[in-house]
Amino acid sequence: MEDVQLYDDHGGEDALLFARVLDGKGGGRMLGWEEARAWAPSPSRPNDVLWMHICRNQPGVQDWLENMVGIPEPTAELLVSDRTRPRAFREGDTLVATLRGINFNPNAEPEDMVSMQLWCDGRRLITLRRERLQTPRDTLAEIDRGIGPTDAGSLITQLTEHMIARMSRSIIDMNEHIDELERVDPEEDPEEILPRITTIRRNCLALKRHMSPQHEALERISREAPGWFEDHDRREIAETIERLRRYLDDIDISMESAVVLQDEIRARAVASSEKATYMLTIVAGIFLPLSFLTGLMGINVGGMPGVDDNNAFWEVVGLCTAILAVQLFLFWRWKWL
């Protein structure tokens, strides 16, 4: 087979980010690219499992998956593609999946989720990513401390568990923002609060859009994984699925809380506007007859009464006051005021 050379985008000699051979006891032995590429399952060491974490956007990765690992072309193309909707399926005795996690890279928004593809045949696990993802590093640290997974199935369940657990951080942050907004008086600065609520709703929708199919993918792993995915692995991933379901419920509650808060602010704004319009209508109703009377008395034509009467002005003022008093009494009686 042709020797395919891979290059890392971080200045390394190849696209291999790291590789470990699990010893079946929670620890692992570090391998370089050459050793990892030449590694093969050994009957004398049945508990050994190779885990390779690869940067998938490097030239030659797909060729290496097809020629060196023996992965079928459509599957290899899926593993390096940008079609990152969460999914999982069984292909013979191998498991193929695409999962997504929260993007905690600098200047990233929670909805900018990053994907991780994986392929496993029970003795080899290959995970691939394009952007930096912390989940594999968490699992790697546990392996290096000797408290990591012991086989391929537990390695997959631990990766998914870490990935789902990290989602709680964004959900908790959104809930804290909503609690903070609920404590703020909406009438103080609604123009500032409404955009923040809109951002929270957009983030919730984005998370749900990715987490709902991920829930389906994990369920397929639990149901359809090959025989090397043992019963205890299925129980572990069932717990992860249940946790993801709770997170989906929390997202629904966050969205509903944001909608209620947004509706309350808008309702208050509409009520405030209607109250101002109502008061203007009342003022206009009060001054309409007075304006009519003063306009009538101010026309410059002959025959106007009181032109030669020195007390006529005060009589008009008294008449206007009486009309105002009658109007206020009637408005109060009709409960307009």
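Keep in mind that what you see is a predicted model, and the values were worked out from it rather than measured.

1. Some remarks on the sheet that holds strand 5 (residues 94–101)
Spatial strand order, 2-1-3-7-6-5-4: seven strands in an open sheet with mixed pairing. Single-partner strands in this sheet number two, and they are strand 2 (28–30) and strand 4 (87–91). In this sheet, adjacent strand axes meet at a mean angle of 15° when their direction is disregarded. One ladder, built from three bridges, connects strand 1 (residues 16–22) with strand 2; its direction is antiparallel. For Leu22, the partnering residue across the bridge sits in strand 2 and is Gly28. Docked against the sheet, helix 4 (residues 134–144) engages strand 1, strand 2, strand 3 (49–55) and strand 6 (114–120), running at close to 40° with respect to strand 1.

2. Quick notes on the pairing of strand 3
With seven of seven residues buried, strand 3 lies mostly within the body of the structure. Neither face of strand 3 is left uncovered, since the one carrying Val49, Trp51, His53 and Cys55 and the one carrying Leu50, Met52 and Ile54 both have all their residues buried. Sheet topology places strand 3 next to strand 7 (residues 124–129); six bridges connect them, and they run parallel. Directly across from Leu50, in strand 7, lies its bridge partner Arg124.

3. Some points on the confidence of the model for the chain
For the chain, the average pLDDT comes to 81, and 88% of its residues sit at 70 or higher. A low-confidence stretch, residues 1–13 stays under pLDDT 50, and its non-local contacts, those more than four residues away or across chains, total 33 contacts.

4. Comments concerning a nonpolar patch on the surface
On the surface, a nonpolar cluster with roughly 440 Å² of combined accessible area is contributed by Tyr278, Met279, Trp334 and Trp336. Relative to the elements of secondary structure, Trp334 occurs in the segment after helix 8 (312–333). Exposure remark for Trp334: the relative accessible area of 46% places this residue in the partly exposed category.

5. Things to note about the nonpolar core
Core analysis: the largest hydrophobic core is formed by 53 residues, its most contacted members being Trp51, Leu125, Ile156, Met167, Met211, Leu218 and Ile221. Elements with a minimum of two residues in this core: strand 1, strand 3, strand 5, strand 6, helix 4, helix 5 (152–183), helix 6 (190–224) and helix 7 (231–297). The leading source of residues in this core is helix 5, at eleven residues. The residues touching Leu125, leaving out its near neighbours within four places in the chain, are Leu50, Trp51, Met52, Leu118, Trp119, Cys120, Leu155, Ile156 and Leu159. Listed in part, the 25 residues of the second largest apolar core include Leu16, Trp33, Ala36 and Met52.

Rules behind the numbers
Residues numbered from 1 in each chain as written. Predicted model: local features only at pLDDT ≥ 70, side-chain atom pairs only at ≥ 80, totals over all residues. Heavy atoms only, no water. Pairing = 2+ DSSP bridges. Helix = DSSP H or I, 4+ residues; strand = E, 2+ residues; numbered from the N terminus. Axes fitted to C-alpha atoms, helices over the stretch in contact; angles between N-to-C directions. Contact = heavy atoms within 4.5 Å. Buried < 20%, exposed > 50% of the residue type's maximum accessible area, 1.4 Å probe, protein only. pLDDT = per-residue confidence, 0-100. Patch = residues over 30% accessible without salt bridge, like charges linked within 9 Å, V, L, I, M, F, W, Y side chains within 5 Å. Areas by Shrake-Rupley, 256 points an atom, 1.4 Å probe, with all protein chains shown as cover. Salt bridge = Lys/Arg side-chain N within 4 Å of Asp/Glu carboxyl O. Core = buried A, V, L, I, M, F, W, Y, C linked by side-chain atoms within 4.5 Å.

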